[in-house]
Amino acid sequence: MEMVQAPMSIEELEKMAAVIRCDIIEMICTAAAGHPGGSLSSADIVTALYFRIMRIDPEDPGWPDRDRFILSKGHACPVWYAALAERGYFDKAHLATLRRLDSILQGHPTMNKTPGIDMTVGSLGHGLSAGLGMALSGKLRKKDYHVWVIIGDGESQEGSIWEAAMAASKWKLDNLTAILDYNHLQNDDSVDKVMPIDPLIDKWKAFGWHVIEIDGHNMKDIVDALEATRSFKGMPTMIVANTVKGKGVSFMENVCEWHGKAPCQEEADKALTELRR
Amino acid sequence: MSKNTISPYRYVRPDILSILTSDDLFTKAERQPTRYSYAEAILELGAKNPDIVVLDADVSKSIKTNLFAERFPERSFNFGIAEQNMMAAAAGMATTGLIPYASTYAVFASMRALDMVRNSIHYPRLNVKIAASHGGITPGPDGVTHQGQEDLSIMRAIAGSTIIAPADPTTTKLAVWAAAEYDGPVYLSFTRDPVPVLFDMDYPFEIGKAVTVRDGKDATIIANRDLVVQSLVAAELLAGQGLDVRVIDCHTLKPLDIEVVLQAAHETGAIVTAENNMYYGGLGSAVAEVLVENHPIPMKRIGVRDTFAESGPYLELLKKYGLSAEHIVKAVEEVIERKS
């Protein structure tokens with residue numbers, strides 16, 4: 001298997017993010033089902049984590065001292081699968097099997113089937129708690145791994161997110177970083193219309209978190225924030241990443257319908273042309 | 001029991017046998033809520049195994065896992081009144097090799113946090129032990145909101161679940177220790193109210209292996225959790241009428257010990273199940289499924305009928321809601337009658 005070199009420069013990361021976006025479109029088009037909008041909005045963050053920030057070894061996915069990553073908004077797993085494949089966890093040929101019978105790539109992330117998936121997720125509001133458990137374990141065993149969890153803005157309507165928020169603050173888990181993919185859209189409509197969650201930054205601060213706000217599509221911003229959080233001590237960090245749902249594909253950007261709709265071949269071709277430009 | 005015949009009982013303490021049908025059973029015999037037996041067992045386990053961690057949801061004083069917290073503060077985590085977070089965090093801990101015992105009440109473990117219990121613990125088969133007190137209508141005075149009368153049925157519906165409902169303090173400890181040796185999720189169900197110490201430590205506890213605690217040939221009572229003692233009482237009462245009834249402590253509801261169930265069906269020809277749980281979905285259903293597919297015989301289920309209970313003293317609730325030894329006696333008489 002071809003192995004890429006990490007850590008990457010900002011420019012290399014930007015190129016890799018474009019490759020991952022293409023993988024996402026191709027996967028979901030081939031599967032004829034999936035969630036492109038939220039996969040594309042978190043693509044830059046996931047790319048930065050896998051190709052620059054995280055201490056991981058694709059040759060040894062179970063390495064006990066590795067950093068952990070959880071995409072708590074598990075429906076956006078095409079971005080996770082693409083990053084794992086490009087990073088060398090498994091052959092890229094698997095990407096075309098998304099959601100098929102006998103595939104290692106389930107419709108929602110499944111740790112016992114896919115190399116590199118650190119936690120099974122899909123039901124929203126679980127991933128931050130699971131990451132919290134991993135972080136508690138890291139503290140107990142005096143390991144210096146870091147736990148990274150991406151949550152969605154719609155997902156933040158789940159009460160369990162706030163249970164985890166309280167607990168991470170109680171135990172001062174500075175080895176846990178949450179990143180909010182703040183793309184403002186959810187399945188039914190805009191987050192504001194369905195169930196407003198603002199003021200988000202104030203909420204996370206009030207729950208005892210160190211909060212950073214960034215442009216979730218500016219690779220330098222992302223890398224700077226992620227690198228800063230690893231050395232920040234005394235409390236957990238929430239990175240509120242302002243993102244665009246469907247980012248990179250003009251006709252998908254900020255359009256709610258692309259939350260959970262697969263592009264047809266023609267739409268996929270158009271999207272790929274834009275992404276490869 | 002005549003003194004010159006061999007006792008049909010197995011592993012049952014002699015002091016219990018002498019008072020089985022007396023009021024002393026629930027007043028003078030050594031008794032303990034099995035939630036406390038769990039707390040004692042986990043304390044011993046924690047001393048032996050540094051991977052054991054205990055998670056609480058603000059009922060550690062009730063379950064007495066606060067003793068673990070005092071002894072091993074660094075391995076004790078109180079999540080507050082947030083069972084969902086506790087269960088998913090337990091899953092996360094288990095991915096790193098820890099063995100979390102997540103402790104709360106049955107209603108919250110099996111219902112409030114069920115999504116986490118299914119998706120984050122059972123689906124990935126993570127090594128989390130769910131320690132659920134207040135199973136069945138044992139939290140008598142607390143009333144319906146705290147009476148876990150469905151937990152066994154609910155947990156049985158989840159793929160790959162292992163469910164243990166031990167009968168007494170002795171087998172509770174053995175179950176807690178056995179669960180630690182088992183790689184995968186285990187749901188343990190305990191009583192809020194005290195039950196007599198029925199068994200000696202020579203009880204051969206093995207997950208998935210039901211234990212015949214009284215031999216008999218006329219019918220079999222298959223019971224779990226706090227209705228095992230009621231079943232022993234029933235068998236003794238029936239012995240007084242000249243009926244020789246087998247009692248099986250089916251501590252593991254799932255996987256069910258099919259072999260022992262079918263052997264009882266073949267050898268005794270009539271079966272009564274007894275559980276302090278809904279009479280559908282739990283032990284009665286599990287046994288009925290095996291019998292109907294393999295060896296249909298007269299059978300009757302003792303369990304909570306399609307109703308919620310109410311507040312009240314534990315033993316009086318058992319009587320009012322059809323779960324007492326007298327109800328089991330009646331059911332056994334009925335199935336034996338149907339045999340002929």
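Below: a short report on this structure. All figures in this text were calculated on a predicted structure; none of them were measured in a lab.

Let us now look at the pairing of strand E2 (residues 147-152) of chain A. All names here are of chain A. Where burial is concerned, most of E2 is hidden: six out of the six residues are buried. Relative to E2, strand E1 (residues 68-71) is paired through four bridges, and the arrangement is parallel. If you follow Ile70 over to E2, its bridge partner there is Val149. With six bridges joining them, E2 and strand E3 (residues 176-182) adopt parallel strand pairing. Pairing of Val149 across the sheet is with Ala178, part of E3.

Counting residues at the interface gives 23 residues for chain B and 21 residues for chain A. At nine residues, helix H5 (residues 83-95) of chain B tops the list of elements feeding residues into the side of chain B that touches chain A. Residue composition of the side of chain B that touches chain A, by class: twelve nonpolar, seven polar and four charged.

Here we take up the nonpolar core. Of all hydrophobic cores here, the largest spans 203 residues; its most connected members are Ala90(B), Leu188(B), Ile221(B) and Val332(B). Among the elements that make up this core, the one with the highest residue count is helix H1 (residues 10-31) of chain A (nine residues). Shared between two domains, this core holds at least three residues of each, these being domain 1 (14-29 + 206-339) and domain 2 (31-196) of chain B. Residues within four places of Val332(B) in sequence aside, it is in contact with Ala219(B), Ile221(B), Ala234(B), Leu238(B), Val245(B) and Val272(B).

Turning next to the sheet that holds strand E4 (residues 210-215) of chain A. Residues and elements named next belong to chain A. With respect to topology, five strands assemble into an open sheet ordered E1-E2-E3-E5-E4, the strand pairing being parallel. With partners counted over all chains shown, the strands left at the sheet margins are E1 and E4, one partner each. Mean inter-strand twist for the sheet, computed between neighbouring axes without regard to direction, equals 20°. With six bridges connecting them, E4 and strand E5 (residues 237-242) associate as parallel partners. When the sheet's bridge partners are listed, Glu213 is paired in E5 with Val240.

All names here are of chain B. Within strand E14 (residues 299-304), six of the six residues are buried, which leaves it mostly tucked inside the rest of the structure. Bridge analysis of strand E13 (residues 271-278) against E14 gives five bridges, and the strand direction is parallel. Among the inter-strand pairings, Val272 is bridged to a residue of E14, identified as Lys300. Regarding the hand of the β-α-β motif, the stretch spanning E13, helix H12 (residues 283-294) and E14 is right-handed.

Moving on, we come to unusual backbone geometry. Trans peptide bonds make up the majority, and among non-glycine residues the majority have a negative phi. The linkage connecting Asp198(A) with the following residue, Pro199(A), adopts the cis geometry, with an omega of 0°. Mapped onto the fold, Pro199(A) is located in the loop between helix H7 (191-194) and helix H8 (200-206). For Asn254(A), which is not a glycine, the phi torsion comes out positive at approximately 60°. As for its placement among the helices and strands, Asn254(A) is situated in the loop between E5 and helix H10 (265-275). Backbone geometry places Arg125(B), a non-glycine residue, at a positive phi of 55°.

The rules we used
- Residues numbered from 1 in each chain as written.
- Chains lettered and ligands numbered in written order.
- Predicted model: local features only at pLDDT ≥ 70, side-chain atom pairs only at ≥ 80, totals over all residues.
- Buried ≥ 20, exposed ≤ 12 C-beta atoms within 10 Å, placed from the backbone.
- Helix = DSSP H or I, 4+ residues; strand = E, 2+ residues; numbered from the N terminus.
- Pairing = 2+ DSSP bridges.
- Contact = placed C-beta atoms within 7 Å.
- Nonpolar A, V, L, I, M, F, W, Y, C, P; charged D, E, K, R; others polar.
- Core = buried A, V, L, I, M, F, W, Y, C linked by C-beta atoms within 7 Å.
- Domains from an automatic or database assignment.
- Axes fitted to C-alpha atoms, helices over the stretch in contact; angles between N-to-C directions.
- Right-handed = clockwise from strand over helix to strand, strands pointing away.

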